[in-house]
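Structure assessment
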Amino acid sequence: MSHDIYLDANATSKVLPAAASAALEAMQACFGNPSSSHATGLRAKATLDDVRARARRVLGAPSGRVMFTSGATEGIQTAVLSALCAVRERRAAGLDAGDLLIYGATEHKAVSESLAHWNRLLDTNLTLCALPVDGAGRHRLDLLRELAPRAAMVCTMAANNETGVISDLDGIAAVLRERAAHAYWMVDCVQALGKLPLDLANSRIDYAPFSGHKLYAPKGIGMLYVKEGTPYTPLMIGGGQEAGQRSGTENMAGIAALGAVLAALEEGDTFRSHAELAAMRARVAAALEEAFPGIVYNAPFELALPTTLNFAVPDMASKELLDLFDAAGVRVSAGSACSAAKAAPSYVLEAMGLPRWRTSGAVRLSFGPLATEAFIDEACARIRRCGQAARHPALSASRLSGDRRGLLQVSSEGRHGWILFDLDANTCVAIDPPAGMAARLAAQVRDSGLHMLAVLGTGVDAAGVDTRATLRAALGLDAGEQGTLGWPRDGGMVTLADGSAAPAIAVGAEVLVRLADEDGSGAAYLLGHAVGGRLDAAAVRLAFIGGAVMADAEAQDLSRLIDGGTVLCHGLDIGGAPCTTAEGLRKAGHTPGEARQLRPEGLDDFLRMHADALLVDVRESCELEAGGIRLCGREAQALPLSRLAEHLDQLLAARRPLVFVCRSGNRSARAASCLQRLGHPQAWSLTGGVALAGAR
C-alpha cells in the first residue's frame, strides 16, 4: 500500500503540524526554564501562562486549578490521592466520609487500579465497588442512587475509549447532588477533548484528567483540572513548580505543542464538526456492512462519539480481522491499547452483558476530528477490499506449488483440527474440528463447493464430539457408522505395510485409512497413495494422530506403518508446532526450538549473499488477498501458516535458505522454528515482520 490508513485514533494520534512546530520552537528558541528570572526564563514563563489561560478558556474553567501533567494516568493518580487523603482527614475529624470507592465497570484500568493502589497505601480501608452499566454501556443510575449515600469517591468517564459511549454526566451529577453531596467525583475526560463540549467550572465535576496525545499533541503531556475548593494533594513534591502543585521542571516542548492544539480548538477552523464526523462515521459503517454481512455494532451510534465504531463479525476472531485490516494497510485495534496485547475478551463489553463471540471478537475503529473526505474515501475503499479478501476460499489450490489437493489447519483456543481436500475430486474430510468452529467450517466448505465425505475425530478431545455432530448436521451428513466417529458406511479396505487390513475411503487419488483402538474409543488416520489395494509405509504422506505427544507404545505401533518422512498432524503443539515428521519427532523430542532471527536491517545483505533464498509469506489467504509482501525488491512466496503441514516435506527437501515473514514476526517464528527443529539448516524468521521492515 502507498500509505497507512490509521484508524486507531482513540489509542493515540499523530502530532498536529502546528503542534510539532510549536514544540520545536520551544526546544530551540524558547528553551528557558520558566522558573528562571532572566529574560530567557521569562519568555518561557510567558508561554506557560499563555497556554494555561488558553486551556482555561477551552475547558470552561476560569476558576480552580489547571495544571500540566505527563498525561491522564498521572492526573488520575493525583485526583485519587487527593480525594483519599481528604477522606482520611474527614474520618479522623469524626465526619461522615463514606465507605465506598465507586467506579464505572467500563472505566479504563488506570482508574480501578489507582483506586486499589492508593486505598492500600493510605490504609483507608474503603471498599471498591464497580458500578454496573446497561446493555448500551451507560452507567446504571438506579444502582448509583442506591450506592451514592455511601460513596467517598465516584469515578466515571466522559466517553468510553473502547466503545465511544458517552456517559450521562448530567444524570450522574443529579444523583450525586441529591444523594452524595460529600462524595468527590472524578471524570476521565481523555476522549472528550475536542469531541464534547466542556464547561467544567459550572459542573459538579471535582477532578478531570486529560491526555494530549489522544488529540494531536505529543505523548508525555496532559492536564488536570481540580474544581475550586476541592481538596488537593500533590503527587510530586520537590522544586515547587506549577505554584507548588506539581514539582519537576515543566515540559515546555509538550506544553507549547498542547497549546497549539488548544489554539486550534479555540479558533474553531481546524477540526471537523460533530455533524461532519457523524456523516463520516455513516460512510465507514456502510463500507463495513458491505464488506462484512452480519456485522454487529457493540454500541448504539446515537449514544457514542461519532469518531468510534466498535464491532464484531460472526465467525471471525478479532485477531483475524486485525491481521486482515493490517494486510490492507488499515490500522485498527481490538480495544484499549493498554490491554489489547492480552488475549482475553474485552472487560468493557463483558460489563455490557454482550455474548462471548462479541466480547472476544471485537474490533475498534476510530478516527480523529482532523479526518478529511479523501481519507474517509480511501478508508472505505480498503475496508471493502478487506471484505472481498475475507471471502477468498480457504480451501483453494496451493499458492506455492499450485497443487489442487491440500491440507488446512484450523485452530481455536490452543487446539488444532484439519481439513483434508482435493479440488479435482471435489471432496474433503474434517478431522478433529475444534470446538466452536462448526458454523465457520461449514461455510468454508460450502463456499468452496466441496462435498464433505466425513467428519472424523481421534477421540482425544471430548469437547470436539459436539462440534463434529454440529458440523455434520450443518452439512447435511448422517452420523456415519456407530462407534467409528462418523466414518462413512460405504468405505472399502486396504492392506497396510505390516500386512494388516484397515478400512479406507478415497480422497481424490489417495486413500484415508482409519486405525482404530480395540475398543473403538480413539483412532489415527493415514493418508497416502495405495497401489493394488496396498498402502506401503513409504507411500504414507500424512498421519493424523490427535494427541500432542504419542506414548512410546503408540509411536512404536505407528512406526511399522509409516516412514521417517511422514508428516504427523496432531491436536496440540509439539515444540510450538502443530505438525512434525516421524523422523523429526524421534530426533528432536518435544523441546521447543528457538527460531533463528534475521533483523530487518540485515535482510538486503542476506538476500544478496544468498541469491537462491526463498522469501516465504506465512500470512493467511485472506491477508494475502488484501495485500502482498515485497521486501528488498523481492515478492514473497505465499504459504499460509495454516498450510505449512501440507508443504513440510517439500520445504525440508529444499536445502535453500528460507526466510519466513508475516505481519509481526510471531507466525514466521513458528514456521522457522518448526523447520529448524526438523533439521533444515537455514530456516529464518524476519524479526518484527513487515511492521518493522516496512518502517525502515
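As a reminder, the structure under discussion sits directly above these lines.
Figured I'd write up the structure that's included with this text. Remember, it's a predicted structure, so these values are computed and weren't measured experimentally. (Residues numbered from 1 in each chain as written. Predicted model: local features only at pLDDT ≥ 70, side-chain atom pairs only at ≥ 80, totals over all residues. Heavy atoms only, no water.)

What about the sheet that holds strand β10 (residues 308–312)?
The strand order β9-β10-β12 describes an open sheet built from 3 strands, whose pairing is antiparallel. Since the sheet does not close on itself, it has two edges, and those belong to β9 (296–297) and β12 (363–366), each with one partner. With 2 bridges connecting them, β9 and β10 associate as antiparallel partners. Paired with Tyr297 across the strands is Phe311, a residue of β10. (Pairing = 2+ DSSP bridges. Helix = DSSP H or I, 4+ residues; strand = E, 2+ residues; numbered from the N terminus.)

Considerations on the packing of helix α19 (residues 644–653) against helix α20 (residues 666–677)
The N-to-C vectors of α19 and α20 enclose an angle of 50°; their axes lie 11 Å apart at closest approach. Comparing their axes, α20 and α19 come out oblique. Crossing of α19 against α20: the hand is right-handed. Contacts between α19 and α20 involve Leu644, Leu648, Leu651 and Leu652 from the first element and Ala671, Cys674 and Leu675 from the second. (Axes fitted to C-alpha atoms, helices over the stretch in contact; angles between N-to-C directions. Parallel < 35°, antiparallel > 145°, perpendicular 65-115°, else oblique. Left-handed = near helix turned anticlockwise from the far one by under 90°. Contact = heavy atoms within 4.5 Å.)

Quick notes on the sheet that holds strand β17 (residues 492–496)
As summarised here, the arrangement of the 8 strands in space is β21-β17-β18-β19-β20-β22-β23-β24, forming an open sheet in which the pairing is mixed. Two strands bound the open sheet, and with one partner strand each, they are β21 (534–535) and β24 (577–581). Here 4 bridges tie strand β22 (residues 540–546) to strand β23 (residues 567–574), and the two strands are oriented parallel to one another. Across the sheet, the residue bridging to Phe544 is Cys569, located in β23. Set on the sheet, α19 makes contact with β22, β23 and β24; between it and β24 the angle comes to about 45°.

Thoughts on helix α8 (residues 274–291)
Counted at 1.5 Å a residue, the expected span for α8 with its 18 residues is 26 Å, and the 26 Å between its end C-alpha atoms agrees. For α8, the complete set of buried residues consists of Leu277, Met280, Arg281, Val284, Ala285, Ala287, Leu288 and Ala291. Down the axis of α8, the sector holding all buried residues measures 160°, keeping them to one side. Where α8 is buried, its residues meet β9, β10, α9 (318–327), β12 and α12 (373–390). (Expected span 1.5 Å × (residues − 1). Buried < 20%, exposed > 50% of the residue type's maximum accessible area, 1.4 Å probe, protein only. Arc of directions from axis to C-beta.)

Section: the packing of aromatic side chains
For the coordinates displayed, the defined rule picks out 7 aromatic pairs. When the ring of Tyr216 is compared with that of Phe271, the centres are 5.7 Å apart and the planes differ by 15°; the resulting orientation is stacked. Taken as a pair, Tyr216 in the loop between β7 (207–211) and β8 (222–226) and Phe271 in the loop between α7 (252–267) and α8 lie far apart in primary sequence, 55 residues in all. The pair Tyr216 / Phe271 is uniform in exposure class, with both members buried. (Phe/Tyr/Trp six-rings, centres within 6.5 Å; stacked < 30°, edge-to-face > 60°.)

Observations regarding α19
Burial analysis of α19 places 7 of its 10 residues in the buried class, the great majority of the element. Leu644, Ala645, Glu646, His647, Leu648, Leu651 and Leu652 are the residues of α19 that are buried.

Details of the pattern of salt bridges
Tallying each qualifying case throughout the model produces 36 salt bridges. The salt bridge partner of Arg663 is Asp326, with a shortest N-O separation of 3.4 Å. Taken together, the residues span a long stretch of sequence, with Arg663 in the loop between β30 (658–661) and α20 and Asp326 in helix α9 at a distance of 337 residues. Classification of Arg663 as partly exposed rests on a relative accessible area of 25%. Residue Arg382 pairs with Glu378 through a salt bridge whose shortest N-O separation is 2.7 Å. One end of the pair is Arg382 and the other is Glu378, both in helix α12 and 4 residues apart, which spans about a single turn. Of the residues examined, Glu378 reaches a relative accessible area of 25% and is grouped as partly exposed. It is possible to trace a salt-bridge network through shared partners that takes in Asp4, Lys319, Asp323, Asp326, Arg331, Glu623, Arg663 and Arg667. (Salt bridge = Lys/Arg side-chain N within 4 Å of Asp/Glu carboxyl O.)

Examining the nonpolar core
Among the nonpolar cores identified, the biggest contains 58 residues, and Leu59, Phe68, Ile102, Trp185, Phe210, Met223 and Val261 are the most heavily contacted of them. Top contributing element to this core by residue count: α7, with 10 residues. With sequence-adjacent residues up to four places away left out, Ile102 is seen in contact with Cys129, Leu131, Leu147, Ala151, Met153, Val154 and Cys155. Within the second largest apolar cluster, 41 residues are counted, among which are Val567, Ala595, Val616 and Leu652. (Core = buried A, V, L, I, M, F, W, Y, C linked by side-chain atoms within 4.5 Å.)

A few points about the state of the cysteines
Considering all chains together, one arrives at 0 disulfides under this definition. The structure places no disulfide on Cys129, whose sulfur is separated from the nearest cysteine sulfur, that of Cys155, by 12 Å. Residue Cys129 is classed as buried on the basis of its relative accessible area of 17%. (Disulfide = S-S within 2.5 Å.)

Points about the side chain of Arg246
With respect to the helices, strands and loops of the structure, Arg246 is situated in the loop between β8 and α7. Of the residues examined, Arg246 reaches a relative accessible area of 15% and is grouped as buried. Within the structure, the side chain of Arg246 is placed 2.7 Å from the side chain of Glu74, a separation counted as a polar contact. When sequence neighbours within four positions are dropped, the list of residues in contact with Arg246 reads Phe68, Thr69, Ser70, Glu74, Tyr232, Met236 and Gln241. (Polar contact = N/O pair within 3.5 Å; in protein donor to acceptor, adjacent residues only side chain to side chain.)

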